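Residues per chain are reported as follows:
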Amino acid sequence: MAKIVPKKMPMPEQDPMERRKNFNEVALGLTPELALEEAKRCLQCPNPTCIEGCPVEIDIPGFIKKIVEGDLRGAIDIVKSTNSLPAICGRVCPQETQCEEKCVLAKKFEPVAIGRLERYVADYEREKLGVTMPDVAQSKGKKVAVVGAGPAGLTCAGDLAKMGYQVTIFEALHDTGGVLRYGIPEFRLPNSIIDAEVDYVLKLGVEVKLDVVIGQTLTLDELFEMGYEAIFLGTGAGLPRFMNIPGENLNGIYSANEFLTRNNLMRAYLFPEYDTPLWVGERVAVLGGGNVTMDAARTALRNGAKEVHVIYRRSRKEMPARIEEIHHAEEEGIIFDLLTNPIRYIGDEKGWVKQIELIKMELGEPDESGRRRPVPIEGSNYIADFDTVVIAIGTSPNPLIMQGAGLETTKWGTVVIDKETGMTSRPGIFAGGDVVTGAATVIEAMGAAKIAARGIDKYLSRQ
Amino acid sequence: MYKILRKEVLAPRINLMEIDAPFVARKGQPGQFIILRMREYSERIPLTIADFDREKGTVTIVFQEVGKSTEELATLNAGDVIADFVGPLGIPSDHGRKEDKKVVCVSGGVGTAVIFPELRKIKENGNYTITIQGSRSKELLFWSDRLEKYSDEFYITTDDGSFGRKGFVTDQLKDILAEKSDDIAYVLAIGPIPMMKFVCALTEQYSVKTYVSLNTIMVDGTGMCGSCRITVGNETKFACVDGPEFDGHLVDWKEMEDRNSRFIPQERESLERYRKLMGK
Ligand SMILES: Cc1cc2nc3c(=O)[nH]c(=O)nc-3n(C[C@H](O)[C@H](O)[C@H](O)COP(=O)(O)OP(=O)(O)OC[C@H]3O[C@@H](n4cnc5c(N)ncnc54)[C@H](O)[C@@H]3O)c2cc1C
Ligand SMILES: Cc1cc2nc3c(=O)[nH]c(=O)nc-3n(C[C@H](O)[C@H](O)[C@H](O)COP(=O)(O)OP(=O)(O)OC[C@H]3O[C@@H](n4cnc5c(N)ncnc54)[C@H](O)[C@@H]3O)c2cc1C
Ligand code: SF4
Ligand code: SF4
Ligand code: FES
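Note that the structure is predicted; figures quoted are calculated from it, not measured.

**With respect to the domain arrangement of chain B**
All names here are of chain B.
Here comes step 1: Assigned domains within chain B: domain 1 (2–89) and domain 2 (93–212).
Here comes step 2: Spacing between the C-alpha centres of domain 1 and domain 2 amounts to 24 Å.
Here comes step 3: Each partner contributes residues to the interface: domain 1 has 14 residues there, and domain 2 has 15 residues.
Here comes step 4: Taken over both partners, the interface formed by domain 1 and domain 2 buries close to 1,200 Å², and the fraction arising from carbon and sulfur atoms is 64%.
Here comes step 5: Seen at the junction of domain 1 and domain 2, the total is two salt bridges.
Here comes step 6: Of the charged contacts, one joins arginine 120 and aspartate 51 as a salt bridge, the two residues approaching to 2.9 Å between their closest N and O atoms.

As structure tokens, then:
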């Protein structure tokens, strides 16, 4: 057996001091040589544990073997047989807690860089080989409506189209992609990649109607009246959470959704060529510890902030963000104020935030999430100057669509489904993605959408 | 793409457009609004549904040119298209039903267009209506005939006295309240923020319930961003999904004014740049 190469091949990246001033992609992608060397690190395990870690069960050693053999067409075909958005997943999946965590190499060495290889083959297909289309089954003459054009909606629509259904996606915003477009910034996931993957779904025959808010423009009942025989809800978890502490509505305080939507969907970073403004001051505090927090912090930096602090109430170990993103943020000069929590904001007479009163925290007993609960240390309060705050402490499903829909929901506002089929409490209405799980990951949303597509097929075949 | 079928200049810098938007026209109710985005590079701007024709599938908007987006929108004409037009958004206003007492509608500036469909509904449901229309001067008045048609009593005030009573809507409103505040079911006030604020301060003295429509700064209009958040009755509300109409006596007006000034330097920069590009 060949000698094990303990470390991943290095990912070529933009220099941190350069990239903190631009919105170009940070990770540049493996070169053919690096990709080949990385692919050779895979042991081609007879019982590949890595596959268990992938919610859409990509044949990981299978596609990696094709890279080693130089058959990139073969590699991408394997990936796309279970994952219709590989260029996206290769970039944003939290691999360290999914496929790569389960790689046998991970026990002693660095795991195979599965995500980077997936991105490599997807980019190679798009840029060099040209995208091929899969076979689409003969039309079944049945219409299905998909609500939301995020990863869940796109995946469900794509799968149903391949099965021969006539699918229409209804999207509230003026563009597709959901969080991929309005949340995740260009420097991590370029719009051109989302466009290409959406284009693929459209080429399968899916129709997209933008500017339609289900629950307002049309109701779920009206969709049935219009002849759609089943509905998939992929509406995500778009409702921003606030802390409800004094001063939270001061000027200069944004939810991460507002901050990122202005920047990404509305392209405020190109202001004044684009009309939508985003105001970023000199000292920025971003609250939270997830991917959203890192994205907002790095976006603030790129919009000219002098100093950006991430303020998180637990310790680094509990941070839910991808390790790579925390690392990138640190390289760019983001400061981490850990075990710290805001208790109130102090503003000036014109209503602009000037300071935050913060308190130090320590970790106590584990809470229901299994993480140690942060408890305030009495008397440790202090006041720090900040003129911009971004609140990135989580989101929950937007209740707009539930209005009068008669769907069973949990106390967190998520939709209850049957795990096997994805069907909600109302026959013919299915759901998957963040609207069911609360804010989670792209690949989990896609995995759930695939289950629902099969559930819809079964439901409509039975009729 | 959404086609402009008709354009009319109602008064200097106040324009009406009738837009082909069948989905919105089917559902729109008084009190609701739409969000439009003119071009790929444009802002999403909220505008009230000033009228709708369910059969024709059209929605009428009336907007005042106050900045870059509205000035640029005003350059479009019948036959041109708008990239995005989404709605109806917000909660339909819950007034209009038959009251035992009289209803007062107060409109200022472009608020006239916003209040019109509501007044019509209130009147058509058999209420006694008193309407006060205010404007800076005579030339800025529009739709007075439309308001008058649905009003049992109709008053006009202009700041400069060029038409109707010289003064503010609150001067007229004060006379009405002083005479018969017990006879008033509620006041609906829609116009510039200072006007709504002063109306609320006045009606509070007489303990007359007052509704206002809040034009906070919005992005998505669906409850996703919180840009439109505002304190009402010590609670944070999202104007786009919890409103846009609220009990005016519970609104934190200072916060409302502050929040609407969030982007003034950028708005100014954008407008100046646009005017320079246009050679204005
Ligand atoms: C800033 C940020 C960074 C992230 N980073 C990562 C990452 O690195 N890796 C990762 O795996 N995950 C990441 N996530 C999480 C991931 O993006 C989500 O889990 C995923 O997008 C969920 O997909 P979805 O299709 O369920 O919902 P969404 O992506 O939220 O899409 C829902 C769509 O439905 C539309 N919609 C909502 N309501 C209606 C309605 N009533 N009518 C019509 N349309 C409606 C919305 O406009 C939206 O387009 C991140 C999230 C954010 C916010
Ligand atoms: C629910 C709602 C209904 C509205 N209905 C109407 C209407 O029927 N007719 C009409 O003329 N106007 C209406 N407005 C206000 C209209 O949206 C703004 O005038 C418009 O967005 C200004 O854009 P601008 O680029 O031309 O001006 P800007 O340069 O952006 O701003 C000029 C001034 O307008 C205000 N403003 C800016 N952006 C917004 C925004 N997104 N929302 C609200 N106010 C803003 C600010 O106070 C600012 O000082 C409504 C607003 C809301 C929230
Ligand atoms: S889709 Fe995500 S989890 Fe699956 S193999 Fe690719 S990177 Fe890993
Ligand atoms: S577990 Fe790791 S080494 Fe084994 S097949 Fe999967 S990627 Fe290759
Ligand atoms: S405009 Fe975004 S939440 Fe109201």
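**What about the site of ligand 2?**
Residues and elements named next belong to chain B.
Here comes step 1: Taken together, 23 residues form the shell around ligand 2, and within it Pro46, Thr48, Val62, Gln64 and Thr70 come nearest.
Here comes step 2: Here a nitrogen atom of ligand 2 sits 3.0 Å away from a polar atom, N or O, in the main chain of threonine 216.
Here comes step 3: Glutamate 267 places a polar side-chain atom, nitrogen or oxygen, 3.3 Å from an oxygen atom of ligand 2.
Here comes step 4: Relative to its free-state accessible area of 840 Å², ligand 2 is covered by the protein chains to the extent of 88%.
Here comes step 5: Elements with a contribution of two residues or more to the shell around ligand 2: strand 4 (44–48), strand 6 (58–64) and helix 2 (68–73).
Here comes step 6: Per element, the largest residue contribution to the shell around ligand 2 is four residues, and it comes from strand 4.
Here comes step 7: Across the shell around ligand 2, the residue classes break down as 12 nonpolar, eight polar and three charged.

**Concerning the packing of aromatic side chains**
Here comes step 1: Across all of its chains, the model carries 13 aromatic pairs over all chains by this definition.
Here comes step 2: Plain terms: the ring middles of tyrosine 186 of chain B and tyrosine 211 of chain B are 5.4 Å apart, the flat faces sit at 85 degrees to each other, and that makes the pair edge-to-face. Within this pair, whereas tyrosine 186 of chain B is found in strand 13 (residues 184–190), its partner tyrosine 211 of chain B is found in strand 14 (residues 210–213), the two being separated by 25 residues in sequence. You'll find tyrosine 186 of chain B and tyrosine 211 of chain B in the same group, each marked buried.
Here comes step 3: An aromatic cluster is defined as three or more aromatic residues linked by ring pairs; in this entry it consists of Phe116, Phe142, Trp143 and Tyr150 of chain B.
Here comes step 4: Against the face of phenylalanine 187 of chain A rests arginine 302 of chain A, its NZ or CZ located 3.9 Å from the ring centre.
Here comes step 5: The ring centre of tryptophan 143 of chain B lies 4.1 Å from the NZ or CZ of arginine 146 of chain B, which sits over that ring.

**Brief notes about the pattern of salt bridges**
Here comes step 1: Scanning the entire structure with this criterion turns up 64 salt bridges over all chains.
Here comes step 2: Across the salt bridge formed by glutamate 222 of chain A and arginine 26 of chain B, the nearest N and O atoms sit 2.9 Å from each other. Within this pair, whereas glutamate 222 of chain A is found in helix 10 (residues 220–225), its partner arginine 26 of chain B is found in helix 1 (residues 22–27), the two belonging to separate chains.
Here comes step 3: Classification of glutamate 222 of chain A by relative accessible area gives buried; the value is 13%.
Here comes step 4: Judged by its relative accessible area of 39%, arginine 26 of chain B falls in the partly exposed class.
Here comes step 5: Note that aspartate 348 of chain A and lysine 354 of chain A form a salt bridge whose closest N and O atoms lie 4.0 Å from each other.
Here comes step 6: You can call aspartate 348 of chain A partly exposed: its relative accessible area is 24%.
Here comes step 7: When salt bridges with common partners are traced through the structure, they connect Arg19, Arg116, Arg188, Asp295, Arg298, Arg302, Arg322, Glu324, Glu325, Glu331 and Glu332 of chain A into a single cluster.

**A word on the packing of helix 11 (residues 256–263) of chain A against helix 12 (residues 291–302) of chain A**
All names here are of chain A.
Here comes step 1: Interaxial distance between helix 11 and helix 12 falls to 10 Å at its minimum, and their mutual angle equals 50 degrees. If you check the angle between helix 11 and helix 12, you find them oblique. Like other packed secondary-structure pairs, helix 11 and helix 12 cross with a definite hand, here left-handed. The residues of helix 12 that touch helix 11, namely those facing Ala256, Phe259, Leu260 and Asn263, are Val292, Asp295, Ala296, Thr299 and Ala300.

Thresholds applied
- Residues numbered from 1 in each chain as written.
- Chains lettered and ligands numbered in written order.
- Predicted model: local features only at pLDDT ≥ 70, side-chain atom pairs only at ≥ 80, totals over all residues.
- Heavy atoms only, no water.
- Domains from an automatic or database assignment.
- Contact = heavy atoms within 4.5 Å.
- Buried area = accessible area lost by both parts, 1.4 Å probe.
- Salt bridge = Lys/Arg side-chain N within 4 Å of Asp/Glu carboxyl O.
- Near = heavy atom within 4 Å.
- Polar contact = N/O pair within 3.5 Å; in protein donor to acceptor, adjacent residues only side chain to side chain.
- Areas by Shrake-Rupley, 256 points an atom, 1.4 Å probe, with all protein chains shown as cover.
- Helix = DSSP H or I, 4+ residues; strand = E, 2+ residues; numbered from the N terminus.
- Nonpolar A, V, L, I, M, F, W, Y, C, P; charged D, E, K, R; others polar.
- Phe/Tyr/Trp six-rings, centres within 6.5 Å; stacked < 30°, edge-to-face > 60°.
- Buried < 20%, exposed > 50% of the residue type's maximum accessible area, 1.4 Å probe, protein only.
- Lys NZ or Arg CZ within 6 Å of the ring centre and 35° of its normal.
- Axes fitted to C-alpha atoms, helices over the stretch in contact; angles between N-to-C directions.
- Parallel < 35°, antiparallel > 145°, perpendicular 65-115°, else oblique.
- Left-handed = near helix turned anticlockwise from the far one by under 90°.

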